[in-house]
Amino acid sequence: MHDQSESPNKRTPRIALSRLALFWENAWPALWPATGVVCLFLIVAFLDFLPELAGWLHAIILALFAALMTWTVWRGARQLHMPNEAAAQRRLERINNLPHRPFEALDDTIATADSDAATRRLWQLHRDRMARRLKNLRIGWPKPGLSRHDSFGVRLAVIPVLFVLTLAVGHDGTERIARAIVPAITVSANPNAIALDAWITPPTYTGRPPIFLTRNEAKVTLPVAVPAGSIFLAQVTGGGIAPELRTGETASPFDTVTENSYRMERTLSANVDIKILSRENELDSWRFTVIQDEPPRVALDEAPSSSRRGALRLLYTASDDYGLATVSALIRRSDVALKKEISYELPLAGVNLKNTTGDSFKDLTAHPWAGLPVNLTLIATDAAGHQSESETVAFRLPERSFTHPVAQEIVAARKLLMADPVASRLGVVDDLGSIAWKPARYADDKVVFMALHTAARRLRGDAFKDELDEVQKLLWETALRVEDGTVSLAERDLRRAQQELLEALARNAPESELDRLMDQLQAALSAYMDALTQQMANTQQNNQDIGQIDPNTTLMTRKDLERMMAEIRELAKSGAREAARRMLSQMQKMLENMQAGRGQQQPQAGQAQQMMNDLQKVTKGQRDLLDRTFQEAQRKTREREGTAPNGPEQGAQPQKGEQSGSQPMPGESQQQGSLTAGAVAQDALRRQLGDIMQRFAEMTGDVPGPMGQAEQSMRKSSKNLRKGNAKGAVPPQTRALDQLQQAMRSAQQQLQQQFGQQPGQGRVRGPGNKPDDRDPFGRTMNSGIQGANTNTVEIPEKSDLQRTREIRDELRRRASEPSRPRRERDYIDRLLDRF
């Protein structure tokens, strides 16, 4: 007889866990078919071919998936049930290899209630043994046995494929699933229903976006302003018949694109009213006001001039309503009968600029017209092909002046040859031979000797007319070599490299081309500086006077130019090409104004420059003295307050025997000596300033007022220093420094007005870059190139450049990730194009 009451072991956690494991062993095979259908659908969605199918076929496939999913879920749900405790007990006994069903043994009771004591004791021993066997039972992992239900191993193919596709599509997977769920079913429209789309596409050179023309429901015709050459495009769907485009009394039918789809395109060149009609019913209408393209404007800001190296300098301003394409210079001889001309393009600061101010240099000293009167006209061309000319300016084309006798003779022979080649040919051959056979006159230069003989030999030939251009170029380069060695040839290569890099920056050339051109410019610049160094060395060896070299030249060193080149390269790499181009133009100006070889500076101009340098030294000395005096005043203040590092502590009382005020403290004699030395230095600076004032008065007849005021402030400072009053000396020294800076600016202006800017001379230049390049304490704020004012170029900070590089590298990394959505990668590619 069995007791049906619930036993305590039925409530143990192990039985509950066994029931759950047994439930999963039954549920997973039942749910696998539905799960497989879901996996199969995700694979199809990730492959993204459903949206490419016809809408009806896409819908049928979705319906099949839905039906299959419904059937598998229904079938699996029927098989789901929670197992009872007996089944859970049998599972535990099977996993733990427990024979004789110990769970049932524990639930059973003795068959006869009146059994003797020995029987009951034997029964209890049996129950104890079964209880010991049920201790430390293993639950065991569920074993669904899916292989028995999936005999074809579909899961082994579906799951890995789904895993690989999930990694491949990445973030784009959600969009693909959405496209797979929603079929693109188009409902056949009513053939009589009409849809009209119309827009305006302005010409590309205008840079304007397309204009979408909305349906005019109110039938109010408002004018639409569009640039000339804009394209009106209209598309009509429906209607069953081709609509018409009507302008005034003229009607033009639309072109048929496909069945029930029509298109019309019209270029707008004048004001016009357009109506679109279908079956004599007006669909829409517009009134277009066409804005005609204005011709560009160009003008010279200053008369053509010559740089210190003989290049033609043109300062010009050009503008256009939509953007400039080119600005070119056209040079003709004053003799209208001569049809030849010189034409070259001026560099622009960018592409499609609406306004630009240019500063162009062009070396034409080798041209046969050098030194002759010519007429110059600037021609501006916009993107639409319209041209306009500036006013014609007459001037004399810059000419190279030669000082070496041999170079002068070679140039004279070249001019004679170019004036009348046939008549002067044999005479020029004799002149070249006479020059060549006196090598001592040109330092026995074998290159010059071979060049002269080669030119003479070519002129003796019967086909000399065909080689005339090469001969005159050879003679010019030979004259340059005789005059200043390899400087002029290196200078020519430097100009060419600068021009090529400027043009590449203006047209947004690729980074690889910019690197090549910058390396080329670096090499040309290095060769030019080497040639200048060699020329200066030769001048010193020949004991020639080099004291009249333009002072600006001495301020430009190789390190300065290399630093500028490094900044230009860094700007270009970071995407700031406009700033790189401006800095390159500034370097070109400095190089053009740098004097190559011995100068022709007037003695007074040299004296004025020396005087400005002396005034700079006085200003620097006053600044250093102010720093020392200010530090001394602060130290004495701290000592009085008891906070000096080596002074007495706060609150310390004088020791016995000390007499405060009657005996000097330790170190006071040293401090007094420092202030006395400062007074001596102040008097020395005052005497130097007085000497400069006297020289300035002798040269100009007048002394700037700030010089006298500075002298008075120095006198007051000296008195305070001699009294040991460092704090009282600081204000007059500060005023003296400020007055000296004012004096430098005033003196520079007076000297420039007196000496002017003559050809071949550099203007008298103050030591500073600009009057405002110093802070209130007189310290130079421009940390750029010595002697080069780079403040006019907006150079990004190093932190900005570093941030720009980090952004560029991050964009490149993201663009190379195939897991990113296609739209994002396309957007990143468009951003990278700007770099």
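Residues numbered from 1 in each chain as written. Predicted model: local features only at pLDDT ≥ 70, side-chain atom pairs only at ≥ 80, totals over all residues. Heavy atoms only, no water.

A. Highlighting the overall build of the protein. Helix and strand counts for the protein stand at 23 helices and 19 strands. Across the 835 residues in the protein, those meeting the buried criterion constitute 39%. Long-range pairs, those at least 24 residues apart, make up 70% of the contacts in the protein between residues at least 6 apart in sequence. For the protein, the accessible surface area stands at approximately 47,400 Å², while carbon and sulfur atoms represent 53% of it. (Helix = DSSP H or I, 4+ residues; strand = E, 2+ residues; numbered from the N terminus. Buried < 20%, exposed > 50% of the residue type's maximum accessible area, 1.4 Å probe, protein only. Contact = heavy atoms within 4.5 Å. Areas by Shrake-Rupley, 256 points an atom, 1.4 Å probe, with all protein chains shown as cover.)

B. Broad picture of helix H8 (residues 173-181). Among all positions in H8, only Gly173, Arg176 and Ala180 are buried. Looking straight down H8, one finds that the buried residues subtend no more than 60° of arc, so they occupy a single side. (Arc of directions from axis to C-beta.)

C. Seen up close, the sheet that holds strand S6 (residues 250-253). Read from one edge to the other, the open sheet built from 5 strands follows the order S3-S10-S9-S5-S6, with strand pairing classed as mixed. In this open sheet, the two strands that pair with only one neighbour each are strand S3 (223-227) and S6. Taking each pair of neighbouring strands and ignoring which way they run, the sheet shows an average axis angle of 30°. Across 4 bridges, strand S5 (residues 244-247) lies against S6 in antiparallel orientation. Counterpart to Leu245 in the pairing with S6 is Ser252. (Pairing = 2+ DSSP bridges. Axes fitted to C-alpha atoms, helices over the stretch in contact; angles between N-to-C directions.)

D. Broad picture of the packing of aromatic side chains. All chains considered together, the criterion is met by 6 aromatic pairs. Ring centres of Phe41 and Phe65 lie 5.4 Å apart, and the angle between their planes is 75°; this geometry places the pair in the edge-to-face category. Placement of the pair is Phe41 in helix H1 (residues 13-47) and Phe65 in helix H2 (residues 55-78), with a sequence separation of 24 residues. On the basis of relative accessibility, which here comes to 16%, the residue Phe41 falls in the buried class. (Phe/Tyr/Trp six-rings, centres within 6.5 Å; stacked < 30°, edge-to-face > 60°.)

E. Broad picture of the sheet that holds strand S4 (residues 230-237). Read from one edge of the open sheet, 5 strands run S2-S1-S4-S8-S7, paired in antiparallel fashion. Each of the sheet's edge strands pairs with one partner strand only, and the pair in question is strand S2 (211-213) and strand S7 (255-258). Looking at each pair of strands side by side, their axes are set apart by 25° on average, direction ignored. Taken together, the 3 bridges between strand S1 (residues 195-201) and S2 define a ladder with antiparallel strand orientation. The residue of S2 that forms the bridge with Ala198 is Leu213.

F. Here's a closer look at a nonpolar patch on the surface. Together, Trp56, Leu57, Ile60 and Leu64 make up an exposed nonpolar region whose accessible area comes to about 420 Å². On the secondary structure map, Leu57 appears in helix H2. With a relative accessible area of 31%, Leu57 lands in the partly exposed category. (Patch = residues over 30% accessible without salt bridge, like charges linked within 9 Å, V, L, I, M, F, W, Y side chains within 5 Å. Salt bridge = Lys/Arg side-chain N within 4 Å of Asp/Glu carboxyl O.)

G. Main features of the side chain of Asp48. Within the fold, Asp48 resides in the loop between H1 and H2. Here Asp48 falls in the buried class, since its relative accessible area comes to 18%. Setting aside its immediate chain neighbours within four residues, Asp48 contacts Arg176 and Arg179.

H. Looking closely at the pairing of S4. The pairing of S1 with S4 spans 7 bridges and is classified as antiparallel. Looking at S4, one finds that Trp199 is bridged to Leu233. Looking at chain direction, S4 and strand S8 (residues 261-268) are connected through 8 bridges and run antiparallel. The partner of Ile231 across the bridge, within S8, is Thr267.

I. Expanded view of a positive patch on the surface. Together, Lys716, Lys719, Lys723 and Arg735 line one region of the surface with positive charge. By relative accessible area, Lys719 is classed as exposed at 54%. (Lys, Arg positive; Asp, Glu negative; His and termini not counted. Charge placed at Lys NZ, Arg CZ, Asp CG, Glu CD.)

J. Main features of the nonpolar core. Residues Leu501, Leu521, Ile568, Leu584 and Met587 are the most contacted members of the largest nonpolar core, which totals 32 residues. Listed by contribution, the elements that provide at least two residues to this core are helix H13 (487-506), helix H14 (511-541), helix H16 (558-573) and helix H17 (577-592). In terms of residue count, the dominant contributor to this core is H14 (10 residues). Sequence-distant contacts of Leu584, defined by excluding residues within four places in its chain, comprise Gln498, Leu501, Leu502, Leu505, Leu521 and Ile568. Counting residues in each nonpolar core, the second largest holds 25 residues, with Val428, Val448, Leu459 and Ala479 among its members. (Core = buried A, V, L, I, M, F, W, Y, C linked by side-chain atoms within 4.5 Å.)

K. The packing of helix H10 (residues 421-436) against helix H11 (residues 446-460), seen in detail. Interhelical geometry of H10 versus H11 gives an angle of 160° and a closest axis separation of 9 Å. Taken together, the axes of H10 and H11 lie roughly antiparallel to each other. When the axes of H10 and H11 are compared, the crossing they make is left-handed. Side by side, H10 and H11 meet where Arg425, Val428, Val429, Leu432, Ile435 and Ala436 of the first sit next to Phe449, Leu452, His453, Ala455, Ala456, Leu459 and Arg460 of the second. A class-by-class count of the residues in the contact of H10 with H11 yields 10 nonpolar, 1 polar and 2 charged. (Parallel < 35°, antiparallel > 145°, perpendicular 65-115°, else oblique. Left-handed = near helix turned anticlockwise from the far one by under 90°. Nonpolar A, V, L, I, M, F, W, Y, C, P; charged D, E, K, R; others polar.)

L. Examining the side chain of Ser319 more closely. Positionally, Ser319 belongs in strand S13 (residues 312-319). Dropping the residues within four chain positions of it, Ser319 is found in contact with Pro296, Arg297, Leu324, Lys354 and Asn355.

M. Quick look at the pattern of salt bridges. In this structure the tally under the stated criterion is 22 salt bridges. Measuring nitrogen to oxygen at the nearest pair gives 2.9 Å for the salt bridge that ties Asp363 to Arg495. Of this pair, Asp363 sits in the loop between strand S16 (355-362) and strand S17 (373-382) while Arg495 sits in helix H13, and the two are 132 residues apart along the sequence. Residue class for Asp363 comes out partly exposed when judged on its relative accessible area of 31%. Here Asp624 ties to Lys620 by a salt bridge, and the two come within 3.2 Å at their closest N and O atoms. Placement of both Asp624 and Lys620 in helix H18 (residues 603-641) is noted, with a separation of 4 residues, approximately one turn of the helix. Classification of Asp624 by relative accessible area gives partly exposed; the value is 29%.

N. Spatial organisation of the packing of helix H9 (residues 405-419) against helix H12 (residues 468-484). Contact geometry for H9 and H12: axes closest at 8 Å, N-to-C directions at 165°. With respect to each other, H9 and H12 are oriented roughly antiparallel. Crossing geometry of H9 relative to H12 is assigned as left-handed. On H12, the residues touching Val406, Ala407, Ile410, Val411, Arg414, Leu417 and Met418 of H9 are Leu468, Val471, Gln472, Leu475, Trp476, Thr478, Ala479, Val482 and Glu483. Split by residue class, the contact of H9 with H12 holds 12 nonpolar, 2 polar and 2 charged.

O. Geometry of the confidence of the model for the protein. Here the protein averages 76 in pLDDT, and 78% of its residues register 70 or above. Mean pLDDT across the elements of the protein bottoms out in helix H15 (residues 551-555) (43) and peaks in strand S11 (residues 297-300) (92). For residues 596-602, every residue scores under 50 in pLDDT, and the model assigns this stretch 26 contacts once sequence neighbours within four places are set aside. Segment residues 757-793 is flagged for pLDDT under 50; beyond a separation of four residues in sequence, or across chains, it makes 84 contacts in the model. (pLDDT = per-residue confidence, 0-100.)

P. Spotlight on H13. Between its first and last C-alpha, H13 extends 28 Å over 20 residues, near the 28 Å set by a 1.5 Å rise per residue. In terms of residue burial, H13 counts as a mostly covered element, since 14 of its 20 residues are buried. Remark: Asn508 follows H13 within two positions and exhibits a positive phi of approximately 55°. (Expected span 1.5 Å × (residues − 1).)

Q. Seen up close, the environment of Thr377. Tracing the sequence through the fold places Thr377 in strand S17. According to the relative accessible area criterion, Thr377 is buried, its value standing at 3%. The spatial distance from the C-alpha of Thr377 to the C-alpha of Ala394 is 9.2 Å, given a sequence separation of 17 residues. Residues within four places of Thr377 in sequence aside, it is in contact with Ser328, Ala329, Leu330, Glu389, Ser390 and Thr392. At 2.9 Å, the side chain of Thr377 forms a polar contact with the side chain of Thr392. (Polar contact = N/O pair within 3.5 Å; in protein donor to acceptor, adjacent residues only side chain to side chain.)

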